[in-house]
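Chain residues, written in single-letter form:
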Amino acid sequence: MSSLPKYRQQTRGEIQVWLCAAGLACGLLMIGGLLLLILANGATVFWPKPITECTVRAQDGTESKISGEVVKTQLRRTAEGGTKTEIQLFTGNKDAYGLGFRFIDRESITSETQPEDLILAERMEYGDAIFRPVQLKRKDGSTLPATDPRFHQTLQDLVREGNHLRDRILSLEKGRIGKINARIKATELRIKELQTDGKPQAATEISRLRNRITAEQKKFDGLIQESRQLRAQLDDAELVCRLSSGEERTVKTGNIVFFFEPNRLSLGQKIWVFLRRVTEFATSEPREANTEGGIFPAIFGTFVMTILLALLVTPFGVIAAIYLREYASQGLLVRVVRICVNNLAGVPSIVFGVFGLGFFVYGMGSFIDGGAKVPLPPVWWLAAAIGFIVCLTVSLLLAVQSPTPGGESARPRGFASRLKPLVATLAVALGVVTLFQCPYFHGFFSSSLPTPTFGTGGILWASLTLALMTLPVVIVATEEALAAVPRGVREAALACGASKWQTIQRVVLPSALPGVMTGVILAMARGAGEVAPLMITGVVKLAPSLPLDLDAPYIHAERKFMHLGFHIYDLGFQSPDSEAAKPMVFATTLLLILLVVVLNLAAISLRTHLRRKYQASAF
Amino acid sequence: MPPEPATPASPTTDFSAQGEPLNPAFIEVDHFHFWYGAKQAIQDINMEIPERQITAFIGPSGCGKTTLLRNLNRLNDLIENIRHEGDIRIDGQSLYDPSVEVISLRKRVGMVFQKYNPFPKTIYENVVFSLRVAGRNAKAELDEVVERSLRGAALWDEVKDKLHESAYGLSGGQQQRLCIARAIANRPQILLMDEPCAALDPVATLKIEALMTQLKEEFTIVIVTHNMQQAARVSDRTAYFFMGRLIEYGPTLQLLSKPREKATQDYISGRYG
Ligand SMILES: Nc1ncnc2c1ncn2[C@@H]1O[C@H](COP(=O)(O)OP(=O)(O)OP(=O)(O)O)[C@@H](O)[C@H]1O
Ligand SMILES: [Mg+2]
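Residues numbered from 1 in each chain as written. Chains lettered and ligands numbered in written order. Predicted model: local features only at pLDDT ≥ 70, side-chain atom pairs only at ≥ 80, totals over all residues. Heavy atoms only, no water.

**Notes on the overall build of chain B**
Item 1. Helices and strands together make up the secondary structure of chain B, namely 11 helices and 10 strands.
Item 2. Relative to the compact-globule value of 19 Å for 273 residues, chain B shows a C-alpha radius of gyration of 18 Å, a close match.
Item 3. For chain B, the spread of C-alpha atoms along the principal axes amounts to about 50 × 40 × 35 Å.
Item 4. In chain B, 68% of the contacts between residues at least 6 apart in sequence involve partners at least 24 apart.
Item 5. Total accessible area on chain B stands at roughly 11500 Å², and carbon and sulfur atoms take up 50% of it.
Item 6. Computed over 31 positive and 34 negative side-chain charges, the inter-centroid distance for chain B is 3 Å. (Helix = DSSP H or I, 4+ residues; strand = E, 2+ residues; numbered from the N terminus. Rg over C-alpha atoms; globule rule 2.2 N^0.38 Å. Contact = heavy atoms within 4.5 Å. Areas by Shrake-Rupley, 256 points an atom, 1.4 Å probe, with all protein chains shown as cover. Lys, Arg positive; Asp, Glu negative; His and termini not counted. Charge placed at Lys NZ, Arg CZ, Asp CG, Glu CD.)

The following block contains the structure:
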């Protein structure tokens, strides 16, 4: 009897343990389930599935054949109240059937086979095609029947040749033609500038530039001709094929990207097809309203935006946190600021988007483009500029005058100390006015107006908006990390004769760095997955060029860009053929998650490295 | 510049064997009062600390030893709402004179803390920290200072092969000696030590005591200690504090063997508290 109470106490404790474990398990289960769903759906998109040829009996008794991949089997409620099993078939051949998918009642199928001679071809237009080859026809009239032993190899060669040709056309159009285009545009702008300048010697310069444009135009026409010839070569051969329905159609071999015989693949070949499709998805550009092809521009855009966001948010956040934690006297004002910062994290992201659009795009962007919209009259501007310089000097003097860092604790110095924030605010306000209302600045891109350069959404503004949105995360994390630096090392540094700033810079910040990194990692994770604010600050469905490329000045901060998150939204909810887009949505989601994981792993390994370097071992 | 310290000097209790101080009133504490907010931690302390000798502060916990010590390099300035009255002078110069730069003061007054607190840096960078913040970055000078300071702190032989490894890889006693090396690196005039051996084992304690007797050739040392034997072993003069007041102050041998005050007598013989 005496040992019983002890025993009871132990079991009572275990219920709480069980509850905690159950809570954790629930959370993990949900997250794991979500990841598993995405992984399963996303990874199997590219796995080649067998193609089934079904014979379907229609209500009037006629039989027809159709073939495709079985996507799923489901129950359907009929009008009479019963249920019927139906299968969803991916039939491809959108050009022939109008739709890529079809639902068929199981009971109307009289037979199913998996013929080995069916070919699945990925095309540049109209998505995939599923057919039996009949013969190859060349422009010169020669034909090669599908029964010929050389047929398969010849088709393979033709497709490879077509791919090669398309690459050449692309590099020609994007590369050389694009460059000439850019040069012509720049020259035209220069002419426009000279014309508005109206200097007397401008006329000769203008005619010289005009001649240059004519020369460039000639080169341009020549290249266009070349690309047209290449395009014509794409149409050289065509494949005659028969669909399961019996209909005969022709496909230009130059239109085929890739083909294989799904029912004849060995495991090795299946893996090869899978890898090929995955690489194509990750490295090529989208086609046909983004429902086909790859998503490379979106991956790249997301990557660049996230890096830019981290680069922007880190310095701002760290500096703000250092001031809040180390310099500001911990009074009511700082507490209010801290609460405001924390609440900023709860503001809906679209609000940040609207702010970004109004402030960055329309405010700063159009200022960069064309200078102040309502410039101050010169006299007023001069007054503001002088006021700014005076306030700045006074405020700097006051800052230097205040108690030496690490010296006698800040005692209120009456008037001067109360004046300090006022003068500083005034200096900032006047500085903003002086800069943004300057009557002598007409923008860096005024000659291309009214077409905006920076005055429209772009990757810089989107990243800035997200940086602003994730600022609280970095500030809070940095403040925590700074607060966790032991007092002992700070005092040791001061006792060694370091100034306050030297102490922060050489001792406090290095020890706080891993904590700062944690904040940046969280900010990146949040920023990379954000869509709403991007939609109005620079993301587009299809961007003509990447934000980073080999054309000077290499970084094009003003360019619009594609983003995986927006791509998912666009595919899933804006695409005309939602069934065709579904696998792409899963694959894109998987890639987005992978990208975030990769970025985070990189940041975490950096943090581990830092931690090892500055490790504060247990005392 | 001390000769290469081959063998540490043996701890001594023989006060008469010590040389006479160069300046018997090197540090002058003059009617000094100190408050943390409303709480008075130090009351009316008057004392003169001689140059190049070891002065020990003893007294029960909370009596204000650390507070007085931290006022000697104005480290207490970091705390909010503090207030003082009276004056402290080093070599005739008031610490609270408006012309005094706290930073240059702290360069003259090194400090070793009760809890060892090396920086999260390499051993080398720990030692040269005070030089780096003073803008002295010449490699040759730094190398020389590292060796001299580490030898001075009797640590050189143990760490000379891993100067560029993290200081946190050292043992507690080694870290404390590293902190001493750091404090003496830019050759301050005064070395403040707040219970430097509190966290150390007897062997490390003896090493540090030997070190102190050697360092006093160069530095004026003020040490706070709870250990009467330690005060007896190393210090030339001892001050006994109680409740923020200086009760008794004199040559160590005399104070420990024939204290004038009854309170001192009680504390020394362990009858206190
Ligand atoms: N930062 C502080 N704020 C307020 N009061 C303090 C502060 N530091 C010390 N005190 C108080 O001042 C008095 C003296 O403290 P001090 O640290 O100087 O004692 P001490 O003699 O060093 O004690 P110990 O031997 O335990 O280290 C104590 O009563 C303590 O409570
Ligand atoms: Mg103390």
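Back to the write-up after that little detour.
**Regarding the overall build of chain A**
Item 1. In terms of regular secondary structure, chain A is built from 16 helices and 13 strands.
Item 2. Against the compact-globule benchmark of 25 Å for 619 residues, chain A has a radius of gyration of 33 Å, which places it well outside the compact range.
Item 3. Taking the principal axes of the C-alpha coordinates as reference, chain A spans close to 115 × 100 × 50 Å.
Item 4. Excluding contacts between residues fewer than 6 apart, the proportion of contacts in chain A whose partners are at least 24 apart in sequence is 68%.
Item 5. Side chains of chain A carry 66 positive and 52 negative charges; the gap between the two charge centres is 11 Å.

**Some thoughts on the side chain of Lys121(B)**
Item 1. Looking at where Lys121(B) falls in the secondary structure, it is placed in the loop between strand E6 (109-112) and helix H3 (123-127).
Item 2. One buried charged side chain, Lys121(B), makes no salt bridge at all; its nearest oppositely charged neighbour is Glu125(B), positioned 5.6 Å away. (Buried < 20%, exposed > 50% of the residue type's maximum accessible area, 1.4 Å probe, protein only. Salt bridge = Lys/Arg side-chain N within 4 Å of Asp/Glu carboxyl O.)

**A few points about the packing of helix H8 (residues 349-370) of chain A against helix H11 (residues 459-483) of chain A**
Residue and element names in this part refer to chain A.
Item 1. Interaxial distance between H8 and H11 falls to 9 Å at its minimum, and their mutual angle equals 135 degrees. Judged by the inter-axis angle, H8 sits oblique to H11. Considering how the two elements wind past one another, H8 and H11 form a crossing that is right-handed. Counting all contacts with H8, which are made through Ser349, Phe352, Gly353, Phe355, Gly356, Phe360, Val361, Met364, Gly365 and Ile368, the residues of H11 involved are Trp461, Leu464, Thr465, Leu468 and Met469. (Axes fitted to C-alpha atoms, helices over the stretch in contact; angles between N-to-C directions. Parallel < 35°, antiparallel > 145°, perpendicular 65-115°, else oblique. Left-handed = near helix turned anticlockwise from the far one by under 90°.)

**Concerning the pairing of strand E10 (residues 245-251) of chain B**
Residues and elements named next belong to chain B.
Item 1. Across six bridges, strand E9 (residues 237-242) lies against E10 in antiparallel orientation. By the bridge assignment, tyrosine 240 is partnered in E10 with glutamate 248.
Item 2. Counting the residues in the hairpin turn of E9 and E10 gives two residues, including methionine 243, whose phi is positive at 50 degrees. (Pairing = 2+ DSSP bridges.)

**What to know about the site of ligand 1**
Residues and elements named next belong to chain B.
Item 1. Ser61, Lys65, Thr66, Thr67 and His226 are the nearest of the 13 residues found near ligand 1.
Item 2. Cysteine 63 places a polar main-chain atom, nitrogen or oxygen, 3.2 Å from an oxygen atom of ligand 1.
Item 3. Side-chain polar atom of threonine 66 to an oxygen atom of ligand 1: 2.5 Å apart, as the coordinates give it.
Item 4. Relative to its unbound accessible area of 630 Å², ligand 1 is 66% covered by the protein chains.
Item 5. Elements that contribute at least two residues to the shell around ligand 1 include exactly strand E2 (39-49) and helix H1 (65-72).
Item 6. With three residues, the top contributor of residues to the shell around ligand 1 is H1.
Item 7. Residues belonging to the shell around ligand 1 are distributed by class as follows: four nonpolar, six polar and three charged. (Near = heavy atom within 4 Å. Polar contact = N/O pair within 3.5 Å; in protein donor to acceptor, adjacent residues only side chain to side chain. Nonpolar A, V, L, I, M, F, W, Y, C, P; charged D, E, K, R; others polar.)

**Thoughts on the sheet that holds strand E8 (residues 220-224) of chain B**
Residues and elements named next belong to chain B.
Item 1. Taken in spatial order, the six strands line up as E6-E7-E8-E3-E9-E10 in an open sheet, and their pairing is mixed. Looking at strand neighbours, the two that pair on one side only are E6 and E10, the edges of this open sheet. With strand direction ignored, the average angle separating the axes of adjacent strands in the sheet is 15 degrees.
Item 2. Bridge count for E6 against strand E7 (residues 190-194) is four bridges, and the pairing is parallel. By the bridge assignment, methionine 111 is partnered in E7 with leucine 192.
Item 3. Strand contacts of H1: strand E3 (54-58), E6, E7, E8 and E9, with the helix running at about 155 degrees to E7, the strand carrying the most contacts.

**Description of empty space enclosed by the protein**
Item 1. For the coordinates displayed, the defined rule picks out four cavities of 30 Å³ or more.
Item 2. Here the second largest cavity defines a volume of roughly 80 Å³.
Item 3. Lining of the second largest cavity is provided by 14 residues; of these, Ala495(A), Cys496(A), Gly110(B), Arg182(B) and Ala183(B) occupy positions nearest its centre.
Item 4. Breaking the lining of the second largest cavity down by element, the ones donating at least two residues are helix H12 (487-495) of chain A together with helix H2 (102-108), E6 and helix H7 (172-184) of chain B.
Item 5. Grouping the constituent residues of the lining of the second largest cavity by class yields eight nonpolar, three polar and three charged. (1 Å grid on protein atoms, 1.4 Å probe; cavity = no way out; pocket = protein on both sides within 12 Å on 5 of 7 lines; lining within 4 Å. Points joined across faces, edges and corners; volume = space filled by probe spheres on them.)

**Things to note about the sheet that holds strand E1 (residues 27-36) of chain B**
Strand pairing in a sheet takes place through backbone hydrogen bonds and is either antiparallel or parallel in direction.
Residue and element names in this part refer to chain B.
Item 1. Overall, antiparallel pairing links the four strands, which are arranged E2-E1-E4-E5 in an open sheet. Two strands close off the open sheet at either side, each with one partner strand: E2 and strand E5 (93-94).
Item 2. Pairing geometry for strand E4 (residues 82-90) and E5, over two bridges, is antiparallel. When the sheet's bridge partners are listed, isoleucine 90 is paired in E5 with glutamine 93.
Item 3. Contacting E1, E2 and E4, H1 runs over the sheet at an angle of about 120 degrees to E1.

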